[in-house]
Amino acid sequence: MSKSTQNRRQFIATSSKAGMAIAAMPLMTKISPITSINSITTLTAAGEYAQQPLNYGYAALEPFIDAMTMEIHYTKHAAAYAKNLADATLAEKLDIQTTTLQDLLKNISHYSPKMRNNAGGHFNHEMFWQLMKPAPSITPAGELAEAINKGFGSLDNFKTAFSDAAKTRFGSGWAWLIVKADNSLAVCSTPNQDNPLMDIAETKGSPILGLDVWEHAYYLKYQNKRPDYINAWWNLVNWEFAQKKYAESLIKK
Ligand SMILES: [Fe+2]
């Protein structure tokens, strides 16, 4: 089934369910079916293109990431990527009702540099916020822990490889742990707001962990000491979320 056919069928199924739900409402609370269906589909499709609320306060990641850095990072830098992505989708007539953010990234070479920078920036930051939490588990568990041991020999070896990728990324960019097409794990880095989902990426795969090494992510607290920020970041890694991303990446194959 083609993607557009699948999307039309999903839309019809969603609309049909919404219609049944509305029909079941008491008379006094009934609203226009057309209005309600439009609202449902708009919220569903546009959701991942919009900046989502943070699951924790700006100060929650102290002392490893300071509150002011978090606030500026989230409300200025990441918010700008989301806004500029919205502008680019309008200018380039991208149908966000039928194109997932992942599909956009996988075909990003067909779009403008503005779309590339901001689709990447938005996706990367939305993942980054969820990959951190206050007082997380110290180590991964389950399938991800096994895969890390298999791929890198030990958790420490993996952390060294990932930290090295983050330290040596010249200028602004990201370090990644990815699942490649053969389901193996790999460490890589990308420049600017690129990521391994993009068809232009040197090393491709599904991101499991991502670390922002732009100076805006750490300069207020760490100044030029990027390695200190990287070492501190390991205290915040939400391994449960990483495990979820790992499991999702395997299912898709
Ligand atoms: Fe950032």
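Anything mentioned here points back to the structure above.
This section reports on the structure supplied with the text.

Rules used in this analysis
- Residues numbered from 1 in each chain as written.
- Predicted model: local features only at pLDDT ≥ 70, side-chain atom pairs only at ≥ 80, totals over all residues.
- Heavy atoms only, no water.
- Helix = DSSP H or I, 4+ residues; strand = E, 2+ residues; numbered from the N terminus.
- Buried < 20%, exposed > 50% of the residue type's maximum accessible area, 1.4 Å probe, protein only.
- Contact = heavy atoms within 4.5 Å.
- Areas by Shrake-Rupley, 256 points an atom, 1.4 Å probe, with all protein chains shown as cover.
- Donors = N, O, S within 2.8 Å, 3.2 Å for Na, K, Ca; no water.
- Tetrahedral: all angles 85-135°; square planar, octahedral: opposite > 155°, others 65-115°.
- Polar contact = N/O pair within 3.5 Å; in protein donor to acceptor, adjacent residues only side chain to side chain.
- Expected span 1.5 Å × (residues − 1).
- Bend = angle between axes of the 7 residues up to and from the residue.
- Salt bridge = Lys/Arg side-chain N within 4 Å of Asp/Glu carboxyl O.

**Concerning the overall build of the protein**
(1) Moving on: Broken down by element type, the protein carries 10 helices and three strands.
(2) Moving on: Listed by position from the N terminus, the elements making up the protein come as α-α-α-α-α-α-α-β-β-β-α-α-α.
(3) Moving on: In the protein, buried positions account for 42% of the 253 residues.
(4) Moving on: Across the protein, contacts joining residues at least 24 apart in sequence account for 68% of those joining residues at least 6 apart.
(5) Moving on: Working note: accessible area of the protein is about 13,100 Å², and carbon and sulfur atoms make up 58% of it.

**With respect to the coordination of the iron ion**
Four donors placed tetrahedrally about a metal ideally form angles of 109.5 degrees, and six donors placed octahedrally ideally form angles of 90 or 180 degrees.
(1) Moving on: Of the protein atoms, only His-73 (NE2), His-125 (NE2), Asp-212 (OD) and His-216 (NE2) coordinate the iron ion, at distances of 1.9 to 2.1 Å.
(2) Moving on: Taken together, the four donor atoms surrounding the iron ion define angles of 93 to 135 degrees at the centre, an arrangement classified as irregular.
(3) Moving on: For the iron ion, the single-chain donor residues occur in sequence as H-x51-H-x86-D-x3-H. Here His-73 is found in helix 3 (residues 67-91), whereas its partner His-216 is found in the loop between strand 3 (206-212) and helix 8 (219-222), with 143 residues between them in sequence.
(4) Moving on: For His-73, a relative accessible area of 2% corresponds to the buried category.

**Examining the environment of Asn-117**
(1) Moving on: For Asn-117, the position within the fold is in helix 5 (residues 113-130).
(2) Moving on: In this structure Asn-117 comes out as partly exposed when scored by relative accessible area, which is 36%.
(3) Moving on: Distance from Asn-117 to Asn-192, taken between C-alpha atoms, is 7.5 Å for residues 75 residues apart in sequence.
(4) Moving on: What Asn-117 contacts, discounting residues up to four positions off in sequence, is Tyr-81 and Gln-193.

**Concerning the side chain of Ser-163**
(1) Moving on: Inspection of the secondary structure puts Ser-163 in helix 7 (residues 155-168).
(2) Moving on: Within the structure, Ser-163 has its side chain in polar contact with the side chain of Trp-234 (distance 3.0 Å).
(3) Moving on: Sequence-distant contacts of Ser-163, defined by excluding residues within four places in its chain, comprise Ile-230 and Trp-234.

**Digging into helix 3**
(1) Moving on: For helix 3, built from 25 residues, the straight-helix expectation of 36 Å at 1.5 Å per residue is met to within 8% by its first-to-last C-alpha distance of 35 Å.
(2) Moving on: The sharpest bend along helix 3 measures roughly 35 degrees and falls at His-73.
(3) Moving on: Burial in helix 3 covers these residues: Thr-69, Met-70, His-73, Tyr-74, Ala-78, Tyr-81, Ala-82, Leu-85, Ala-88 and Thr-89.
(4) Moving on: Where helix 3 is buried, its residues touch helix 4 (101-106), helix 5, strand 3 and helix 8.
(5) Moving on: Once helix 3 ends, the next one or two residues include Lys-93, with phi positive near 55 degrees.

**Description of the pattern of salt bridges**
(1) Moving on: Within the structure shown, the criterion is met by four salt bridges.
(2) Moving on: Asp-87 is the partner of Lys-83 in a salt bridge, and the nearest nitrogen-oxygen pair spans 2.8 Å. Separated by four residues within a single helix, Lys-83 and Asp-87 lie in helix 3, roughly one turn from each other.
(3) Moving on: Between Glu-248 and Lys-244 there is a salt bridge, with the nearest N and O atoms lying 3.6 Å from each other. With a gap of four residues between them, Glu-248 and Lys-244 both fall in helix 10 (residues 239-251), about one helical turn apart.

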